[in-house]
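# Report on the structure
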Amino acid sequence: MMHEIIQPEGWAKPVGYSNGISARGRIVQVGGQIGWDENCRFHSDDFVDQVRQTLLNVVGVLKAADARPEHLIQMTWYFTDRAAYKARMKDIGAVYREIIGRHFPPMAAVQVVALMEDRARVEIQALAVVPD
């Protein structure tokens, strides 16, 4: 087993994330990724389109480190519009499952006033552990 999901006894099971995870192996830190392409160009200002590109960027960094989405052990999402996030959760979930799969590590989601790039609507930082 690569990772062990931690679910405290008696706690309600979370949907779309886990409460904790235990892993051993080589650590891969993915710096904050945003919704632009590999040439730092935005193709859309749509929230879900930017989530898609951001997740593709996370997976691209993982791939460069010989890691896969199922190695993720933590994700922190920063977004500029809580209402847009909540209104599009179903679409975000579909994009997440398409790109990451049905692996749901511990996550945090935080609304911020702005991100460093003016057009960025979402930024994701992630941590992965690749088994030895």
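Here is what the cut-offs are and how they apply
Residues numbered from 1 in each chain as written. Predicted model: local features only at pLDDT ≥ 70, side-chain atom pairs only at ≥ 80, totals over all residues. Heavy atoms only, no water. Buried < 20%, exposed > 50% of the residue type's maximum accessible area, 1.4 Å probe, protein only. Helix = DSSP H or I, 4+ residues; strand = E, 2+ residues; numbered from the N terminus. Arc of directions from axis to C-beta. Contact = heavy atoms within 4.5 Å. Core = buried A, V, L, I, M, F, W, Y, C linked by side-chain atoms within 4.5 Å. Salt bridge = Lys/Arg side-chain N within 4 Å of Asp/Glu carboxyl O. Axes fitted to C-alpha atoms, helices over the stretch in contact; angles between N-to-C directions. Parallel < 35°, antiparallel > 145°, perpendicular 65-115°, else oblique. Left-handed = near helix turned anticlockwise from the far one by under 90°. Nonpolar A, V, L, I, M, F, W, Y, C, P; charged D, E, K, R; others polar. Phe/Tyr/Trp six-rings, centres within 6.5 Å; stacked < 30°, edge-to-face > 60°. Expected span 1.5 Å × (residues − 1). Polar contact = N/O pair within 3.5 Å; in protein donor to acceptor, adjacent residues only side chain to side chain.

- An unreviewed UniProt entry annotates the protein chain as Enamine deaminase RidA (YjgF/YER057c/UK114 family) of Labrys monachus.

### Let's talk about helix α3 (residues 89-99)
- Listing the buried residues of α3 in full gives I92, G93, V95, Y96 and I99. Seen along its axis, α3 keeps its buried residues to an arc of 165 degrees; they face one direction. More than 90 degrees from the buried face of α3, the exposed residues found are K90 and E98.
- Contacts made by the buried residues of α3 are with α1 (47-64), β4 (72-79), α2 (82-87) and β5 (107-111).
- One or two steps after α3, the chain reaches G101, where phi turns positive at roughly 100 degrees.

### Topic: the nonpolar core
- Counting residues in hydrophobic clusters, the biggest one holds 26 residues, and the most contacted among them are V51, L55, L62, M75 and W77.
- Every element with two or more residues in this core is listed here: β3 (26-34), α1, β4, α2, α3 and β6 (122-130).
- Among the elements that make up this core, the one with the highest residue count is α1 (six residues).
- Not counting residues up to four positions away in its chain, the partners in contact with M75 are L55, Y96, P105, P106, M107, A108, I124, Q125 and A126.

### Regarding the pattern of salt bridges
- What the rule picks out here adds up to seven salt bridges.
- Among the salt bridges present, the one from D37 reaches R41, with a minimum N-O distance of 3.9 Å.
- D37 sits in the buried class, given a relative accessible area of 8%.
- For D46, the salt bridge identified is with R88, shortest N-O distance 3.0 Å. Of this pair, D46 sits in the loop between β3 and α1 while R88 sits in the loop between α2 and α3; the two residues are 42 residues apart in sequence, bridging distant segments of the chain.
- A relative accessible area of 28% means that D46 is categorised as partly exposed.
- Here R88 falls in the partly exposed class, since its relative accessible area comes to 26%.
- Bridged by salt links that share partners, the residues D46, R88 and D91 form one connected network.

### Some remarks on the packing of α1 against α3
- At their nearest, the axes of α1 and α3 sit 10 Å apart, and the two run at 25 degrees to each other. Considered as vectors, α1 and α3 are oriented roughly parallel to each other. As α1 packs across α3, the resulting crossing turns out to be right-handed. Along its contact with α1, which presents F47, V48, V51, R52, L55, L56 and V59, the element α3 presents D91, I92, V95, Y96, E98 and I99.
- When the residues that make up the contact of α1 with α3 are grouped by side-chain class, the tally is 10 nonpolar, no polar and three charged.

### Some remarks on the packing of aromatic side chains
- Counted under the stated rule, the structure contains six aromatic pairs.
- Ring geometry for F47 against F79: centres 6.5 Å apart, planes inclined by 80 degrees, an arrangement best described as edge-to-face. Remark: F79 occurs in strand β4 and F47 occurs in helix α1; sequence separation between them is 32 residues.
- Residue F47 is classed as buried on the basis of its relative accessible area, which comes to 2%.

### Digging into α1
- For α1, which comprises 18 residues, the first-to-last C-alpha distance of 26 Å matches the rise-based estimate of 26 Å (1.5 Å per residue) to within 8%.
- Inspection of α1 places F47, V48, Q50, V51, Q53, T54, L55, N57, V58 and L62 among the buried residues, and these make up the whole buried set.
- The secondary structure elements touched by the buried residues of α1 are β3, β4, α2, α3 and β6.
- Backbone nitrogen of V48 and a side-chain oxygen of the N-cap are separated by 3.1 Å at the start of α1; the cap is D46.

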